[in-house]
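For reference, the chains in residue letters:
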Amino acid sequence: MVQNVYLKPTEKEDIDYLLTLMKNPEIMDYWFSEPYTNKEKFTASFDERQKDDSLRQFIAYADDENIGYTSLFHINPRHRTAVFAIMLDQNSQGKGYAEEVVRSVVDYGFYQLNLNKITLDVVDFNEKAVHIYQKVGFEVEGEKRQQYFIKGTYHNSLSMALLREKYESISA
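Rules used in this analysis
Residues numbered from 1 in each chain as written. Predicted model: local features only at pLDDT ≥ 70, side-chain atom pairs only at ≥ 80, totals over all residues. Heavy atoms only, no water. Helix = DSSP H or I, 4+ residues; strand = E, 2+ residues; numbered from the N terminus. Contact = heavy atoms within 4.5 Å. Axes fitted to C-alpha atoms, helices over the stretch in contact; angles between N-to-C directions. Parallel < 35°, antiparallel > 145°, perpendicular 65-115°, else oblique. Left-handed = near helix turned anticlockwise from the far one by under 90°. Nonpolar A, V, L, I, M, F, W, Y, C, P; charged D, E, K, R; others polar. Buried < 20%, exposed > 50% of the residue type's maximum accessible area, 1.4 Å probe, protein only. Pairing = 2+ DSSP bridges. Right-handed = clockwise from strand over helix to strand, strands pointing away.

Participant: Before we go on, may I ask you to explain the environment of Val-130 in this structure?
Facilitator: For Val-130, the position within the fold is in helix H5 (residues 127-136). C-alpha of Val-130 to C-alpha of Leu-158: the two residues are 28 residues apart in sequence and 8.7 Å apart in space. With near-sequence residues (within four places) excluded, Val-130 lies in contact with Val-122, Leu-158 and Met-160.

Shown next as structure tokens:
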């Protein structure tokens, strides 16, 4: 198991790091967004997101080195649900960090925010991500046909979810 992986809430000084992730086409293809933004526009949206109570954003670290960004968004306190997202920088992929980051965010969601269900969307060909999510306990709840246009082709996405009771049963 990877050691010393932890999360810190995003701060203004993280903007340059976040911009390097969000301008990388290889990363953004899996984020379902265009790798286009500028610092002024990004900074303005960052400031607005910092005020959003339905969003928790983190920089992921391994031994004090930035390895990526992760968040819970669309947090709904009434229904106790949220949507999970993650992006690891390319130098940090394939090192076992992703599973630890996912578990850290899931723990935060279930044990700090008292969520009952965390969902996510993942493009169907991202087999590594699907495998990691399943290891943590996420299950496929459905498939959205031709949901994302990536590198000139439409791809299906998988809707996955994890219930707190399942997570607790497999984490015990």
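Next comes the rest of the write-up.
Participant: Would you take a moment to explain the packing of helix H4 (residues 97-111) against helix H6 (residues 164-171) for this structure?
Facilitator: A pair of packed helices can be characterised by two numbers: the angle between their axes and the separation between those axes. Across the interface, H4 lies against H6 with an axial gap of 11 Å and an inter-helix angle of 125°. By the criterion of interaxial angle, the relationship of H4 to H6 is oblique. Along this stretch, H4 crosses H6, giving a crossing that reads as left-handed. Here Arg-103, Val-106, Asp-107, Phe-110 and Tyr-111 of H4 lie close against H6, whose contacting residues are Arg-164, Tyr-167 and Glu-168. Split by residue class, the contact of H4 with H6 holds four nonpolar, no polar and four charged.

Participant: Just checking my understanding: could you explain the pairing of strand S4 (residues 81-88) for this structure?
Facilitator: The side chains of a regular strand alternate between the sheet's two faces. Within S4, seven of the eight residues are buried, leaving the element largely enclosed by the surrounding structure. Across seven bridges, strand S3 (residues 65-76) lies against S4 in antiparallel orientation. Looking at the pairing, Leu-72 lines up with Phe-84 of S4. Linking S3 back to S4 in an antiparallel pair, the connection comprises four residues, with Arg-80 at a positive phi of about 60°. Summarising the sheet, S4 and strand S5 (residues 117-123) pair through three bridges and their orientation is parallel. Looking at the pairing, Ala-82 lines up with Ile-118 of S5. You can see the chain leave S4, run along H4 and come back into S5, and the turn it takes is right-handed.

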